[in-house]
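# Observations on the three-dimensional arrangement
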Amino acid sequence: MTLRILSRRLACSKLALALALGVASTAAAGLPALADTKLKMVLNWKYQGPQGMFFLAQDRGYFKAEGLDVTFDQGNGSGAAVPLVANGTYDMGFGDVNALIELAAKKPEGAPVAVYIMFNQPPFTIAVKADSPIKTPKDLEGKTLGGAANDGALKLFPAFCKLTKIDCSGIKITNMQPNLREQMLMQGQVDGVFGYVNTIRFSAKLIGAGDDKLRYINFGDYGMDLYSNGIIVSADLIKNNPEAIKGFLRALNKGVIDTLKDPDAAVAAVAKREPLIKIPVETERLDATLKAEMNHPEIAKIGLGNVDMKRLQESIDILVDANKLPTTPKASQIFDPAFLPPVADLPKKLF
């Protein structure tokens, strides 16, 4: 064997050893050997204070530590997030579980699944002006109501009509752009508007209409004890990369915990992405969301993010019956707890 051949073999051996040592050192350091998994997520709405928990987790590197590269896009309503995940436009969404129930009842094959419920109290409402003669659901008959086409409360209105035993056939529904909702209400172009209580409340404040200018007919006061927004993931992501879902929820859960400890930091994370927000208003909006939409007593036992499957099934039955849906999904088709962090790690108290 010539000296040249021996030299080449020695060089190749050194290169192989160097590569092996590089891989080993990367693994030992706990770093992902491959590029981060990219995930696209659509939010429920424009950038606001309650979304700070997502951005705080991102800014503090929690997603990166899980080997994830997450992109967040603004949404156009909680109901709109569900079909966008179902059709593959997004891997994940922060959407209304009730819109998910309707989709799963109509098209169960390939329907997304909820894996972490944030809004565990029903935020759905019809807002009217404080001096309006509308004081009960019965008073809505014959009136004109407005809402964005993908608004969660608007989609639930048929169920609300049935539970409250009112005749909604004579109620006129006007679709409007979300950013015009509060203006149209205050200008008297509609008698009431659909939405989430805190979304309407604080958006009204931004146009100078304080709490004394509005009154609410809340769906939850009339038997609609429904879950609302949660993290919804595509069937493809569940099949092809379940570990990415687990990693995402571990990171998000840390962001939620950090938000509870430091709400100002969460709102500041939103302001980094939308400098035009009014920080005092968004801080108040975040606080109200935590208290009114995320603080159901059940979390003391099961933890934030988890659900009571019996309660979920009851809400499914309400929607199926009221909206005459073709099938009745099982609670396990709508929510899968398998991706959650351990219950011990989920927040049990928000205040």
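Scroll up a little and you will see the structure.
First things first, this report covers the structure right here in the doc. As the structure is a computational prediction, the values presented were derived from the model and not from experiment.

We now examine the sheet that holds strand β9 (residues 214-218). Taken in spatial order, the five strands line up as β7-β6-β8-β5-β9 in an open sheet, and their pairing is mixed. One side of each edge strand has no neighbouring strand; the edge strands of this open sheet are β7 (172-175) and β9. For this sheet the average axis-to-axis angle between neighbouring strands, irrespective of direction, equals 30°. As paired strands, strand β6 (residues 144-147) and strand β8 (residues 192-196) are joined by two bridges and run parallel to one another. Along β8, the bridge assignment pairs Leu145 with Gly192.

So, on to the state of the cysteines. Following the criterion strictly, the structure yields one disulfide and no others. There is a disulfide in this structure between Cys161 and Cys168, and the S-S distance comes to 1.7 Å. Taking the sign of the S-S torsion, about -95° here, the bridge from Cys161 to Cys168 comes out left-handed. Cys168 matches Cys161 in its accessibility class, with the two residues each being buried.

We now examine the sheet that holds strand β4 (residues 113-117). One key point about sheets: their strands pair by backbone hydrogen bonds, in either a parallel or an antiparallel sense. Spatially, the five strands line up as an open sheet ordered β2-β1-β3-β10-β4, and their pairing is mixed. Single-partner strands in this sheet number two, and they are β2 (68-73) and β4. Pairwise comparison of adjacent strand axes, ignoring direction, gives a mean angle of 30° for this sheet. Here two bridges tie strand β1 (residues 37-42) to strand β3 (residues 92-96), and the two strands are oriented parallel to one another. Residue pairing in the sheet places Val42 in a bridge with Gly93 of β3. The strands touched by helix α2 (residues 52-59) are β1, β2, β3 and β10 (229-233); relative to β2, the strand with the most contacts, the crossing angle is about 150°. Packed onto the sheet, helix α5 (residues 97-106) meets β3, β4 and β10 and runs at close to 100° relative to β3.

So, about the side chain of Glu282. Positionally, Glu282 belongs in helix α13 (residues 279-292). The buried category is assigned to Glu282, whose relative accessible area is 3%. Separated by 2.8 Å, the side chain of Glu282 and the backbone nitrogen of Gly49 make a polar contact. Setting aside anything within four residues of it in sequence, one finds Glu282 in contact with Gln48, Gly49, Pro50, Leu206, Val267 and Ile277.

The next subject is the environment of Asn87. Take Asn87: it is sitting in the loop between α4 (78-86) and β3. Expressed as a C-alpha distance, the spacing of Asn87 and Gln48, which sit 39 residues apart in the sequence, is 26 Å.

Throughout the structure, instances matching the rule amount to 21 salt bridges. Between Lys272 and Asp59 there is a salt bridge, with its nearest N and O atoms 3.3 Å apart. With a gap of 213 residues between them, Lys272 in helix α12 (residues 263-273) and Asp59 in helix α2 connect regions that are remote in the sequence. A relative accessible area of 61% means that Lys272 is categorised as exposed.

Within the sequence span of helix α7 (residues 157-164), burial applies to Phe157, Ala159, Phe160, Cys161 and Thr164. Lys165 sits one or two residues past α7 and shows a positive phi near 60°.

Criteria and thresholds
- Residues numbered from 1 in each chain as written.
- Predicted model: local features only at pLDDT ≥ 70, side-chain atom pairs only at ≥ 80, totals over all residues.
- Heavy atoms only, no water.
- Pairing = 2+ DSSP bridges.
- Helix = DSSP H or I, 4+ residues; strand = E, 2+ residues; numbered from the N terminus.
- Axes fitted to C-alpha atoms, helices over the stretch in contact; angles between N-to-C directions.
- Disulfide = S-S within 2.5 Å.
- Buried < 20%, exposed > 50% of the residue type's maximum accessible area, 1.4 Å probe, protein only.
- Contact = heavy atoms within 4.5 Å.
- Polar contact = N/O pair within 3.5 Å; in protein donor to acceptor, adjacent residues only side chain to side chain.
- Salt bridge = Lys/Arg side-chain N within 4 Å of Asp/Glu carboxyl O.

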